[in-house]
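# Coordinates in review
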Amino acid sequence: MIRSQNILKRLKSLGQKSRFNRNHARIIASGNAEENVEALLQEVNETILARELEFHTDTGAKLCLNVIGRRVLHITALQMPNGGETTNPLVGVLLSEGDHLEQFFQTVSRLTKDANELSVVASTPKNEFDTSAVGLQAARLLKNIPASGPTEDSAIEMGSAAFRLLTGIPDIAGWLIVKGEDAGMDSGESETVAKLTKVAEGSAGKYESYLEQFASGPDKPVASVVGSLSDGGMSILCFRIGDQFGFALAPAASVPLIIDNWHNFNN
Amino acid sequence: MDISEHLDAINKAFDSVRITAFADLSVQLVLADATKSDIGQELLDDLCIKAANAFECPALAIDSSLIDPPVEAIVMTDEGILLALRATEFSPNALIFECDYDINLKDLLEMARNTLKKTGVE
């Protein structure tokens, strides 16, 4: 049976811009162990063309898979958290459901168990592989996940307030969070992010003081359009929501829309 | 029309504008204002200081080639919007507005810019 919180999570993720970490890998989960496994398998389940999926966790784990047609054919590289389990019989083997389904699931569960962040980079396989092989079907692996999971409320509230605000405004060309639980996270074209980084560079503390003078209280949200970039007229928004502090870039014409979103979000 | 009449016109045209003021930011002094209710001088002084500070973007002090000095400053808090406009980036004179969030910002900006042009304030 399909769980309603899964549907909600999926709908939410479809409505969000992708998040990327410092290594330019796409973040696909930042939750508990079950969510991490589910996100990893879901990524496989959405991969139709031949791809090498390279998963990383913030605990130092790494898993490289050859994937095609929603199926895992091989584990090409495996590095467990903190360097543990250096050998695994599944690495390099053509996987089959009859022999490896349970063991693969256990490997993935151990890999992502204590991770707070799971990210993925998809690339064209360096070496050709036998695409006619059956491998492990992601849909079957997904069924192995225990039925208990996060509540619907927690699924809806995934991500920090700043992240939810920024991803909820389509006109924002790029953003950068420099302080708070999502510090270092950014979105947008690399050139846009580079400009924001330059704006923030060495003066983040000054911007915090700058915003503080306008806030109605120490924990109150505050944002300011602090100017525009010299080379293109994009407006620079500086914001503070809770302990999150960062910058965003948007076309000047979109400022009224941003103000509406800001107000709706904070009420 | 003098500047006070222009401020009254803006104040009447927008229900969501709580305070309309014209100030000399270089000395942080409100020279004229139009409000929907009686407000004290302290509040006007505070608004003027905030407007002056809103134009002081920290990045300008570090690398002025990266950011154009702002002609318009917008600050959003949980209490409303502070909007300040000046004719040029180096003009000491500014129009300042304190608004509710349901303000039609596009129309207000247009009227405010026209006011700056008509009054020849620089």
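A few points on the structure. Just so you know, these numbers come straight off a predicted model, no measurement behind them. (Residues numbered from 1 in each chain as written. Chains lettered and ligands numbered in written order. Predicted model: local features only at pLDDT ≥ 70, side-chain atom pairs only at ≥ 80, totals over all residues. Heavy atoms only, no water.)

Turning next to the overall build of chain A. Secondary structure summary: chain A contains nine helices and 12 strands in total. By residue count, 46% of the 267 residues in chain A fall in the buried class. The contacts of chain A with a sequence gap of at least 6 include a subset with a gap of at least 24, amounting to 57%. Taken as a whole, chain A presents about 12,600 Å² of accessible surface, with 51% of it coming from carbon and sulfur. (Helix = DSSP H or I, 4+ residues; strand = E, 2+ residues; numbered from the N terminus. Buried < 20%, exposed > 50% of the residue type's maximum accessible area, 1.4 Å probe, protein only. Contact = heavy atoms within 4.5 Å. Areas by Shrake-Rupley, 256 points an atom, 1.4 Å probe, with all protein chains shown as cover.)

Helix and strand content of chain B: four helices and six strands. Ordering the α and β elements of chain B from the N terminus gives α-β-β-α-α-β-β-β-β-α. Looking at chain B as a whole, 48% of its 122 residues qualify as buried. The long-range fraction of contacts in chain B, counting pairs at least 24 apart against all pairs at least 6 apart in sequence, stands at 50%.

A few words now on the interface of chain A and chain B. Listed as interface residues are 31 residues of chain A and, on the opposing side, 25 residues of chain B. Summing the contributions of chain A and of chain B, the shared interface buries around 2,400 Å²; its carbon and sulfur component is 63%. The largest per-residue losses of area from chain A upon contact with chain B belong to Phe214(A), Ser230(A) and Ile259(A), which jointly make up 24% of the total buried on that side. Along the contact surface separating chain A from chain B lie zero salt bridges. Inspection of the region where chain A meets chain B yields nine residue pairs in polar contact (both at pLDDT 80 or more). Breaking the side of chain A that touches chain B down by element, the ones donating at least two residues are helix 7 (190-200), helix 8 (204-212), strand 10 (222-229), strand 11 (235-241) and helix 9 (255-265) of chain A. (Buried area = accessible area lost by both parts, 1.4 Å probe. Salt bridge = Lys/Arg side-chain N within 4 Å of Asp/Glu carboxyl O. Polar contact = N/O pair within 3.5 Å; in protein donor to acceptor, adjacent residues only side chain to side chain.)

With that settled, consider the packing of helix 2 (residues 33-45) of chain A against helix 3 (residues 97-112) of chain A. All names here are of chain A. Look at helix 2 against helix 3: their axes get within 9 Å of each other, and the N-to-C directions meet at 125°. With respect to helix 3, the axis of helix 2 lies oblique. For the crossing formed where helix 2 meets helix 3, the hand is right-handed. In contact with Ala33, Asn36, Val37, Leu40 and Leu41 of helix 2, helix 3 contributes Phe104, Phe105, Val108, Ser109, Leu111 and Thr112. A breakdown of the residues in the contact of helix 2 with helix 3 according to their chemical character gives eight nonpolar, three polar and no charged. (Axes fitted to C-alpha atoms, helices over the stretch in contact; angles between N-to-C directions. Parallel < 35°, antiparallel > 145°, perpendicular 65-115°, else oblique. Left-handed = near helix turned anticlockwise from the far one by under 90°. Nonpolar A, V, L, I, M, F, W, Y, C, P; charged D, E, K, R; others polar.)

Below, the discussion takes up the pattern of salt bridges. If you walk through the whole model with that rule in mind, you get 10 salt bridges over all chains. Between Glu52(A) and Lys126(A) there is a salt bridge; the shortest N-O distance is 3.1 Å. A residue pair is termed long-range when its members are at least 10 positions apart, and Glu52(A) in strand 3 (residues 51-57) and Lys126(A) in the loop between strand 6 (118-123) and strand 7 (136-137) qualify at 74 residues. A salt bridge links Arg18(B) to Glu98(B); the shortest N-O distance between them is 3.1 Å. With a gap of 80 residues between them, Arg18(B) in strand 1 (residues 17-24) and Glu98(B) in strand 6 (residues 93-99) connect regions that are remote in the sequence. Each of the salt bridges in this network shares a partner with another, and the network as a whole consists of Arg18(B), Glu98(B) and Asp100(B).

Attention now moves to the pairing of strand 3 of chain A. All names here are of chain A. Bridge count between strand 3 and strand 4 (residues 62-68): six bridges; the pairing is antiparallel. In the sheet register, Phe55 faces strand 4, and the bridge partner there is Leu63. Joining the antiparallel neighbours strand 3 and strand 4 is a turn of four residues, in which Gly60 adopts a positive phi near 95°. (Pairing = 2+ DSSP bridges.)

Let us now look at helix 9 of chain A. Listed in full, the buried residues belonging to helix 9 of chain A are Val255(A), Ile258(A), Ile259(A) and Trp262(A). For helix 9 of chain A, the arc enclosing every buried residue in end-on projection is 100°, short of the 170-degree limit, so these residues lie on one face. (Arc of directions from axis to C-beta.)

Take unusual backbone geometry next. In the Ramachandran plot, Arg70(A) falls in the positive-phi region, its phi being about 65° despite a non-glycine side chain. Phi angles above zero are rare outside glycine, and Gln28(B) is one such case at about 50°. Within the element layout of this structure, Gln28(B) appears in the loop between strand 1 and strand 2 (29-35).

Let us now look at the packing of aromatic side chains. Applying the stated criterion across every chain yields a total of three aromatic pairs over all chains. Between Phe245(A) and Phe247(A), the aromatic rings sit 5.5 Å apart at their centres with planes inclined by 70°, giving edge-to-face as the arrangement. The burial state of Phe245(A) is the same as that of Phe247(A); both residues are buried. Through pairs of rings, three or more aromatic residues link up here, namely Tyr207(A), Phe245(A) and Phe247(A). Lying over the aromatic face of Phe55(B), Arg86(B) brings its terminal NZ or CZ to 3.8 Å of the ring centre. (Phe/Tyr/Trp six-rings, centres within 6.5 Å; stacked < 30°, edge-to-face > 60°. Lys NZ or Arg CZ within 6 Å of the ring centre and 35° of its normal.)

On to the environment of Ser132(A). All names here are of chain A. The residue Ser132 is located in the loop between strand 6 and strand 7 in this model. Judged by relative accessible area, Ser132 falls into the exposed class, the value being 60%. In sequence terms Ser132 and Gly69 are 63 residues apart; their C-alpha atoms lie 10.0 Å from each other.

In this section: the packing of helix 1 (residues 3-13) of chain B against helix 4 (residues 105-119) of chain B. Residue and element names in this part refer to chain B. Helix 4 packs onto helix 1 with a crossing angle of 170° between their chain directions and a minimal axis gap of 11 Å. Classified by the angle between their axes, helix 1 and helix 4 sit roughly antiparallel to one another. Where helix 1 abuts helix 4, its residues Ile3, His6, Ala9, Ile10 and Ala13 lie against Leu108, Met111, Ala112, Thr115, Lys118 and Thr119. Here the contact of helix 1 with helix 4 is built from residues that sort into seven nonpolar, three polar and one charged.

Let's shift gears to the nonpolar core. All names here are of chain B. Ranked by size, the top nonpolar core spans 43 residues in total, and within it Phe97 and Leu108 carry the most contacts. No other element matches the five residues that helix 4 contributes to this core. Non-local contacts of Phe97, meaning those with residues more than four positions away in its chain, are made with Ile10, Val17, Ile19, Thr20, Ile81, Leu82, Leu83, Leu85, Leu108 and Ala112. The next biggest cluster of nonpolar side chains, apart from the first, holds 38 residues, and it includes Val30, Leu44, Cys48 and Phe55. (Core = buried A, V, L, I, M, F, W, Y, C linked by side-chain atoms within 4.5 Å.)

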